[in-house]
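Architecture and fold: a report
The residues making up each chain are set out below.
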Amino acid sequence: TTAATTTVAPKPKPVAAPVAPTPVKSPPRFRAGGGMVSAAKKKANLLKQEARPEAARRRDDEATYAKPLPKNSADPEEQRELSDFVFDFNRSFRKQNPEERASLLEQYPDTMGLYHQTLVVESKRISEKQFWERYSYRCDEERILRELQREQRRRTLSQKITKQKRLVYNERGEVIAESQGGDNDDDNAEAVVVDLAESKVEKKAPTDIPVSTKSIKDRYHEQETVVAAVAPAMKPRKK
């Protein structure tokens, strides 16, 4: 009898797991949601944080209700926003729930409630509609946020203009110095622009160019004398 032989299959070699390629990071200034975007978001969040306390401050101020709304604005965006608000408020005021307005007066009895009692009920200086129109326009947090954003854009533009360079010229019209405006300048943005324009106008012509002091009449006689002297030599000779 022959013993049965068993053949053992060789164990397979372990295969290394594929290594995922390391992602290449883009520079922060070009990456989506990078540094520049984060800075803009931080500024927007700061403005949102300023809008809420500003709305509360205006709510507690008597001038918010006693002072009429402006009819015109130098800012086209603000003028359009004001016109749209007045139009929408006139259409929706009668449809508003009086209980909601009464709850606001009860919630702030020392400010809104007091001003409503003195301005509308007792003295009748303003009407019920005027009271809520001025409150709705001046104390709206979203509108205050847009107002703060416009002011921020104006400040940024003013800072860019004040940092423009001013050129200083000599008598030959050459630039001899450059001065740069800063935050400590007393001039406003318009004065800086005017100063730039005036500095260019003040450029003088070079003084080393000879300028004739003879009059036009003297130069005309000189030309006639030269022509009279040259004319005989230019006549054709007789054959």
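In this convention, every chain numbers its residues from 1, walking through the sequence in written order. Owing to the predicted nature of the model, reporting of local features is limited to residues with pLDDT of at least 70; listing and counting of side-chain atom pairs is limited to 80 or more, with chain, interface and lining totals taken over all residues. Excluding hydrogens and water, the side-chain values take into account all heavy atoms of the structure.

**Re the confidence of the model for the protein chain**
Operational definition: pLDDT is defined as a per-residue confidence score from the predictor, taking values between 0 and 100. Runs of H or I in DSSP of at least four residues are treated as helices and runs of E of at least two as strands, each being numbered from the N terminus. In this description, contact between two residues means that some pair of their heavy atoms is separated by no more than 4.5 Å.
For the protein chain, per-residue confidence averages 74 on the pLDDT scale, and 56% of positions sit at 70 or higher. The weakest mean pLDDT in the protein chain belongs to helix α8 (residues 189-201) at 43; the strongest belongs to helix α2 (residues 63-66) at 96. Per-residue pLDDT stays below 50 along residues 26-34; that stretch engages in 5 contacts with residues further than four places along the chain or on separate chains. This stretch, residues 183-206, has a pLDDT under 50; its non-local contacts, to residues over four places away or in other chains, come to 24 contacts.

**Considering the side chain of Arg101**
What counts is decided by this rule: Buried, partly exposed and exposed residues are distinguished by accessible area as a fraction of the type maximum, computed with a 1.4 Å probe on protein chains only: under 20%, between the cut-offs, and over 50%, respectively. Positive charges come from Lys and Arg, negative ones from Asp and Glu, while His and the chain ends are left out of the count. Every case where a carboxyl oxygen of Asp or Glu lies within 4 Å of a side-chain nitrogen of Lys or Arg is listed as a salt bridge.
Position of Arg101 among the secondary structure elements: in helix α4 (residues 98-107). The buried charged residue Arg101 lacks any salt bridge, with Glu128 as its nearest oppositely charged partner at 4.4 Å. With residues up to four places along the chain from it excluded, the contact list for Arg101 reads Phe93, Gln96, Glu128 and Trp132.

**Here we look at the pattern of salt bridges**
One pass over the full model with this rule turns up 12 salt bridges. The partner of Glu77 in a salt bridge is Arg153, with the nearest N and O atoms 3.2 Å apart. With a gap of 76 residues between them, Glu77 in helix α3 (residues 76-92) and Arg153 in helix α7 (residues 141-162) connect regions that are remote in the sequence. Residue Arg153 is classed as partly exposed on the basis of its relative accessible area, which comes to 46%.

**Let's talk about the packing of aromatic side chains**
The description of two aromatic rings rests on the distance between their centres and on the angle between their planes. This is how it is decided: Paired rings are identified among Phe, Tyr and Trp, the last through its six-membered ring, by centres lying within 6.5 Å, and are further divided according to the angle between planes into stacked (under 30 degrees), edge-to-face (over 60) and tilted (the rest). By the criterion adopted, a ring carries a charge over it if an Arg CZ or a Lys NZ lies within 6 Å of its centre and within 35 degrees of its normal.
This model, assessed by the stated rule, comprises 8 aromatic pairs. Where Tyr65 meets Tyr135, the ring centres are 6.4 Å apart and the plane angle is 10°; that geometry is what we call stacked. Here Tyr135 lies in helix α6 (residues 128-138) and Tyr65 lies in helix α2, a separation of 70 residues in the sequence. A network of ring pairs unites the aromatic residues Tyr65, Tyr115, Phe131, Trp132 and Tyr135 as a single cluster. Against the face of Tyr108 rests Arg59, its NZ or CZ located 3.9 Å from the ring centre. Sitting over the ring of Tyr137, Arg143 keeps its end group 4.0 Å from the ring centre.

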